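What follows is each chain in one-letter form.
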Amino acid sequence: MQFVPSSSRMQSQPTITLATLKRNLPVSWNTVHTFVSKRVHQGLTCCARPASMTTTTTEEKRGVEHFNPLDQQHIVEKVKFYDKVNRIEDVPHVEAAWDWFAGLGKPKLWVAPMVDQSELAFRMLCKTYGADAAYTPMLHARLFNETLAYREEHFLTCPEEDRPLLAQFCANDPDILLAAARHVEPYVDGVDINLGCPQRIAKKGRYGAYLMDDIPLIESLVRTLAENLSVPVTVKIRRFPDIRDTIEYAARLEKAGASLVAVHGRLREEKRSIASMACWETIAAVKKSLHVPVLANGNLRNMFDVQHCLELTGADGVMSAESLLEDPAMFSPKRLLPGGEYKPSEGPHLLLEYCDWAEKFPPPYRMVRGHSFAMLGSWLSEFIDMREELRTSVRDIPALREFTGRLIQKIEATGRDHPIPAVSKRRLKAMEAEAAKEAAIQAQEEEEKALAALDWSDA
């Protein structure tokens, strides 16, 4: 890839004021419950405690549903004294990084990398509704490099419509990572290294967030790609408990050659957003401390959260995962208009649109099933019988279309735009957790089986 030459750095982003946001908030947002704690009044956040304090408070365990961005205004004052960590001469690629980012169109709204869920069909649906750029699903570098069938199943793109696009890999060996990246180099705008996956499969495979214990290895991964690819290398990281450690970590990756750093504001131990909030202060501090573009990830439930995050952290863009799975139209401008906020009744119709894209760019049906539960999930808590039917009996897209049509009829018959769960919230969470656990175990078993087959062929 040729970098677009430019004599100037990226232009400053337009300022979005909180006053403007408040004037445009729907009534439901003006009346939303605000939790204000003693920590906030004292100017502290979940990531501002001394390094020696490693315990997690009850407040920090509260999930993202309790998050209110209007309580985060103190961030701007707290991070304004941070300065760049690396000397500009130690980051010789910084101008090229900004020229590359500008050449992509300065994308602000990104579809995050999601295992088996940010495939081409879903990326195209999100881009229909305002997403500027996207990542591929996480790709296992060794399997991708050595297995043609794995490459054909997991990497699909269309050159003109599916851009900008970053291909994300997990790896712990620089040579294997480079070999895998070579396969996609001609078809993407950059190669990303997954340093944020906190799941059991990453721990067992020693990749993702579990490489945080070996930063020199991570630097080697970044440096190898930066020195040998014609496209930029980017990274997606999680935070350490101490904000200073996170800043140093990000700065070391920038110095090693990363042209963009995406920061997920949660710890490695915080696997689910329902149980923990992301720390925007960490993201803001990293942005102030780096020379290259920074993306923010975490606590982004809707476009109001997105705009607050961009203003308060100074990030050059945001990425969303879980919220986009439920509402692929989350980035649509209409979501900022009064009455334009997401309604559960939209989910089935969005799923039918996804089916259109899935027929044009067919993914494995397990990916389709995952999206089905994400977009229909709230209604499946009311129509429990249909939840079981979707899980066990619907096995292809035509059957899914018919199923969704029947569900729409049942929803319309209620006269409501929101479901009334037939099971308790606790029971529903337990069901979702069990389904997630089953999926994780299945993914781990499939990965281990594929790797074992490679080892057997090498023997």
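Right, let's talk about the packing of aromatic side chains for a bit. Taken as a whole and assessed by the stated rule, the structure comprises nine aromatic pairs. Ring centres 4.8 Å apart and planes at 65° place the aromatic pair Phe 67 and Trp 280 in the edge-to-face group. Of the two residues, Phe 67 sits in the loop between α3 (38-41) and α4 (74-79) while Trp 280 sits in helix α13 (residues 280-289), which places them 213 residues apart along the sequence. The same class applies to Phe 67 as to Trp 280, namely buried. A centroid spacing of 5.5 Å and a plane angle of 55° characterise the contact between Trp 110 and Tyr 135, whose relative ring orientation is tilted. Remark: Tyr 135 occurs in strand β2 (residues 133-135) and Trp 110 occurs in strand β1 (residues 109-111); sequence separation between them is 25 residues. Judged by its relative accessible area of 0%, Trp 110 is buried. Taking the relative accessible area as the measure of exposure, Tyr 135 reaches 0% and is therefore buried.

Orientation of helix α17 (residues 365-380) relative to helix α19 (residues 397-414), taken along the N-to-C sense of each, is 5°, at an axis distance of 12 Å. In terms of their interaxial angle, α17 and α19 are classed as roughly parallel. Two secondary-structure elements touch here, α17 through Tyr 365, Val 368, Ser 372, Leu 376, Trp 379 and Leu 380 and α19 through Ile 397, Leu 400, Phe 403, Thr 404, Leu 407 and Ile 411.

Turning our eyes to something else, we now look at helix α6 (residues 120-128). For an α-helix, 3.6 residues make a turn, and residues three or four places apart therefore share a direction. A large share of α6 lies buried, amounting to eight of its nine residues. Among all positions of α6, only Leu 120, Ala 121, Phe 122, Arg 123, Met 124, Leu 125, Cys 126 and Lys 127 are buried. Packed against the buried residues of α6 are β1, β2, β4 (165-170), α15 (322-326), α16 (347-360) and α17.

Summed over the entire model, instances satisfying the criterion amount to 27 salt bridges. Between Lys 78 and Glu 281 there is a salt bridge; the shortest N-O distance is 3.4 Å. Remark: Glu 281 occurs in helix α13 and Lys 78 occurs in helix α4; sequence separation between them is 203 residues. Residue Arg 401 pairs with Asp 356 through a salt bridge whose shortest N-O separation is 2.5 Å. Of this pair, Arg 401 sits in helix α19 while Asp 356 sits in helix α16, placing them 45 residues apart in sequence.

A few words on the side chain of Ser 372. Examined against the element boundaries, Ser 372 turns out to sit in helix α17. Since its relative accessible area comes to 0%, Ser 372 is described here as buried. A polar contact is formed between the side chain of Ser 372 and the backbone oxygen of Val 368, at a distance of 2.8 Å. For Ser 372, the contacting residues outside a window of four places in its chain are Leu 351, Gly 377, Leu 390 and Leu 400.

Another aspect to go through is unusual backbone geometry. Note that the residue after Arg 163, namely Pro 164, is joined by a cis bond; omega there is -5°. With respect to the element layout, Pro 164 can be found in the loop between α8 (148-154) and β4. The phi dihedral of Arg 206 is positive, around 55°, even though this residue is not glycine. If you trace the backbone, Arg 206 turns up in the loop between α10 (200-205) and α11 (215-228).

This part is about the pairing of β4. Of all six residues that make up β4, six are buried, and the element is covered over most of its length. Side chains of β4 alternate between two faces, with Leu 165, Ala 167 and Phe 169 and Leu 166, Gln 168 and Cys 170 buried alike. Alignment of strand β3 (residues 139-140) against β4, held across two bridges, turns out to be parallel. Paired with Leu 139 across the bridge in β4 is Phe 169. As judged from the four bridges shared by β4 and strand β5 (residues 190-195), these two strands associate in the parallel manner. Considered in β5, the bridge of Leu 166 is made with Gly 190.

In the predicted model, the chain carries a mean pLDDT of 85, and 83% of its residues have values of at least 70. Across residues 1-61 the pLDDT falls below 50, and counting only partners more than four positions away or on other chains, this stretch makes 103 contacts in the model.

Another aspect to go through is the side chain of Thr 313. On the secondary structure map, Thr 313 appears in helix α14 (residues 303-313). Residue class for Thr 313 comes out buried when judged on its relative accessible area of 4%. Polar contacts involving the side chain of Thr 313 include one to the main-chain carbonyl oxygen of Cys 309, which spans 2.6 Å. Polar contacts involving the side chain of Thr 313 include one to the main-chain amide nitrogen of Ala 315, which spans 3.1 Å. Once you skip the residues sitting within four places of it in the chain, Thr 313 turns out to touch Trp 280, Ile 283, Ala 284, Lys 287 and Ala 296.

The alternating pattern of strand β8 (residues 294-297) places Val 294 and Ala 296 on one face and Leu 295 and Asn 297 on the opposite face, and all of these are buried. Pairing of β8 with strand β9 (residues 317-320), which is carried by three bridges, proceeds in the parallel orientation. The residue of β9 that forms the bridge with Ala 296 is Val 318. For the crossover from β8 across α14 to β9, the handedness is right-handed.

Thresholds, definitions, all that
- All chains use their own residue numbering, which begins from 1 and follows the written sequence.
- Only residues with pLDDT of at least 70 get local features here, since the model is predicted, and only at 80 or more are side-chain atom pairs given and counted; chain-wide, interface and lining totals rely on the full set of residues.
- In computing side-chain values, all of the structure's heavy atoms are included and hydrogens and water are not.
- Each Phe, Tyr or Trp ring (for Trp, its six-membered ring) is paired with any other whose centre lies within 6.5 Å, and the angle between the two planes then decides the class: stacked below 30 degrees, edge-to-face above 60, tilted in between.
- Counting from the N terminus, the helices are the DSSP runs of H or I reaching at least four residues and the strands are the DSSP runs of E reaching at least two.
- Here's how the labels work: a residue is buried when its accessible area is under 20% of the maximum for its type, exposed when over 50%, partly exposed in between, all with a 1.4 Å probe on protein chains only.
- Fitted lines through C-alpha atoms serve as axes, helices being fitted only where they are in contact, and the angles separating the N-to-C directions of these axes extend from 0 to 180 degrees.
- Put simply, angles under 35 degrees are roughly parallel, angles over 145 are roughly antiparallel, angles from 65 to 115 are roughly perpendicular, and the rest are oblique.
- Contacts are residue-level and defined by heavy atoms, with any inter-residue pair within 4.5 Å sufficient.
- Salt bridges are defined as contacts in which a side-chain nitrogen from Lys or Arg sits within 4 Å of a carboxyl oxygen from Asp or Glu.
- Pairing of N or O atoms within 3.5 Å defines a polar contact, subject to two protein rules: one partner must be a possible hydrogen donor and the other a possible acceptor, and residues neighboring in sequence count only if both atoms are side-chain atoms.
- One bridge is not enough; two strands pair if DSSP finds at least two bridges between them.
- As a per-residue measure, pLDDT reflects the predictor's confidence and takes values from 0 up to 100.
- Whether a crossover is right-handed depends on one test, that the path from the first strand over the helix to the second runs clockwise when the strands point away from the viewer.

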